[in-house]
Amino acid sequence: MTKKIAAISLGCKLNFSETSWITQQFENAGYERVHEDSNADVFIINTCTVTELANKKSRQAIHKIINRNSQTIIIAAGCYTQLKPDEVAKIEGVDYIFGSDNKMDIINNIPILQKQDTPIIYVTKENNIFEPVFSYGDRTRSFFKVQDGCDYFCSYCTIPHARGRSRSNTIKRTTEIAQHAVNKGIKEIILTGVNIGDFGRANGENLFQLLLELEQIKGLERLRISSIEPNLLTDQIIEHVADSEIIMPHFHIPLQCGSDRLLSLMHRRYTTSFYAQRIAKIKRLIPDACIAADVIVGVPTESDADFAEICDFVKSLPLSYLHVFPYSIRANTLAAKMQMIPNEIRKQRSQEMITLGKAMTKTFIDSQISKKRPVLFEAEPFNTEMCGFTDNYIKVKVPANQEFVNKVKNVLLTQAIDNNEVKGIVIEN
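Reading the values: rules and limits
- Residues numbered from 1 in each chain as written.
- Predicted model: local features only at pLDDT ≥ 70, side-chain atom pairs only at ≥ 80, totals over all residues.
- Heavy atoms only, no water.
- Pairing = 2+ DSSP bridges.
- Helix = DSSP H or I, 4+ residues; strand = E, 2+ residues; numbered from the N terminus.
- Phe/Tyr/Trp six-rings, centres within 6.5 Å; stacked < 30°, edge-to-face > 60°.
- Axes fitted to C-alpha atoms, helices over the stretch in contact; angles between N-to-C directions.
- Parallel < 35°, antiparallel > 145°, perpendicular 65-115°, else oblique.
- Left-handed = near helix turned anticlockwise from the far one by under 90°.
- Contact = heavy atoms within 4.5 Å.
- Nonpolar A, V, L, I, M, F, W, Y, C, P; charged D, E, K, R; others polar.

### Some remarks on the pairing of strand β18 (residues 421-426)
Both faces of the sheet carry side chains from a regular strand, because those side chains alternate between them.
Move 1: Where strand β16 (residues 395-399) meets β18, three bridges bridge the pair, whose relative direction is parallel. Along β18, the bridge assignment pairs K395 with E421.

### Things to note about the packing of aromatic side chains
Two measures describe an aromatic ring pair: the distance that separates the ring centres and the angle between the ring planes.
Move 1: Counted according to the given criterion, the structure contains eight aromatic pairs.
Move 2: Residues F16 and F143 carry aromatic rings whose centres are separated by 5.5 Å and whose planes lie at 85 degrees to one another, so their mutual orientation is edge-to-face. Of this pair, F16 sits in helix α1 (residues 13-28) while F143 sits in strand β8 (residues 141-145), placing them 127 residues apart in sequence.
Move 3: Arranged with centres 4.8 Å apart and planes meeting at 15 degrees, the rings of F389 and Y393 form a pair that is stacked.

### Overview of the packing of helix α9 (residues 235-243) against helix α11 (residues 272-285)
Move 1: Following both chains from N to C, one finds α9 and α11 inclined at 20 degrees, their axes separated by 9 Å at the closest point. What the angle tells us is that α9 and α11 run roughly parallel. Where α9 crosses over α11, the handedness of that crossing is right-handed. Note on element contacts: α11 touches α9 through R278, K281, I282 and L285, opposite D235, I238, E239 and A242.
Move 2: In terms of residue class, the contact of α9 with α11 is built from four nonpolar, no polar and four charged.

### Digging into the sheet that holds β8
Move 1: Strand order in the open sheet formed by four strands is β7-β8-β9-β10, and the pairing between neighbours is mixed. At either end of the open sheet lies a strand with only one pairing partner, and these are β7 (133-134) and β10 (222-225).
Move 2: Where strand β9 (residues 188-192) and β10 come together, four bridges link them in parallel fashion. Counted as the bridge partner of E188 is R222 from β10.

### Observations concerning the side chain of R330
Move 1: Looking at the element boundaries, R330 is found in the loop between β13 (321-326) and α13 (343-368).
Move 2: Discounting residues that sit within four places of it in the chain, R330 has contacts with T49, V50, T51, E52, N55, Y156, T158 and A336.

### Some details on the sheet that holds strand β1 (residues 4-9)
Move 1: Pairing in this open sheet of six strands is parallel, and the strands run β2-β1-β3-β4-β5-β6 from one edge to the other. Here the strands that pair on one side only, and so sit at the sheet edges, are β2 (32-33) and β6 (120-122).
Move 2: Against the sheet, α1 engages β1, β2 and β3 (42-47), with an angle of about 175 degrees to β1.
Move 3: Packing of helix α2 (residues 52-68) onto the sheet brings it into contact with β1, β3 and β4 (73-78), and relative to β3 it is tilted by some 170 degrees.

Below, the structure is given as structure tokens:
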């Protein structure tokens, strides 16, 4: 009887790509992959630790699966387990615990999985090995992990401890793996990593060189750059994206804070002026580009005046989306020793910034109505409609047509609807 494997991924798209790769390994070993709501012989929970809330959600997910089926072999893996394996080991019902790197080779570490009285822990402290991996299952888009780890050690962040030092493979190897993804029918690749702008540094290579090689892959129609630090987003990259037919006009550039004093306190490697220059250059060369930004509010010592300054700075930028996070105290970071902002104030400021972000998204989407954009339709028709994404990352709904699946079509954007989506009409290419 074929054994069944299920998995869930918490947190970032990087985790998503890794979870997909891990389950592919199990499928290659003869397991049947089933939905997370199904009963499975083995269940993997790929955890996150970016905030204390992420830790809590990771614990809740583990408990939920254990409570649903006590006979399922439970594997807890990822960033939370890397930082706090002993804490996870106290959860009754967990059988195996894997750290951030160890999780990528579960099937070979434990060829015979079985229930354990006491969890077996596979967590190493040094993360030195890196192999590119990609998500697979949605035949249209793939999250492609090209880098891992971070050397920045921002004062509020534990990810360097959870993910280790920055590392990547060679451009040659990375491109080979990308070709494998495209050979499976993938039309769009989204580059992911903890700090992808740092790609190739140890090999004397860089992200721009990787982009040039990836563009040459036969069959690849779209390439997106996920989150990239503003100080690593070079003029060369921006100018090339402006001229490229393959790299999409879509940037995710963490801001984190709109105050130079607080940016310095957070050990960020840029100023508000530099950040604004990056955004201005993108918009000058690519007026319809989508630009998303991460913003942390309520960081230690943030005064009312600081927050007002941050809001004014964010309002001054032509951003498309904001990803807002209230500051979360993380153990073993410099920020944890600083003056904390009361939790209620953090929540209030978070809501204010979210409201601002919604207004900015509306402005961006409204600016695209009545324009023609190329849309990659990635989903099977559902009832009378189907969905896809424009080059500048707007979700579009059109009348269903099976022939559009996994194809790029020109679409006239006609009407903004709820959930930041747009209705459109497919027109002749």
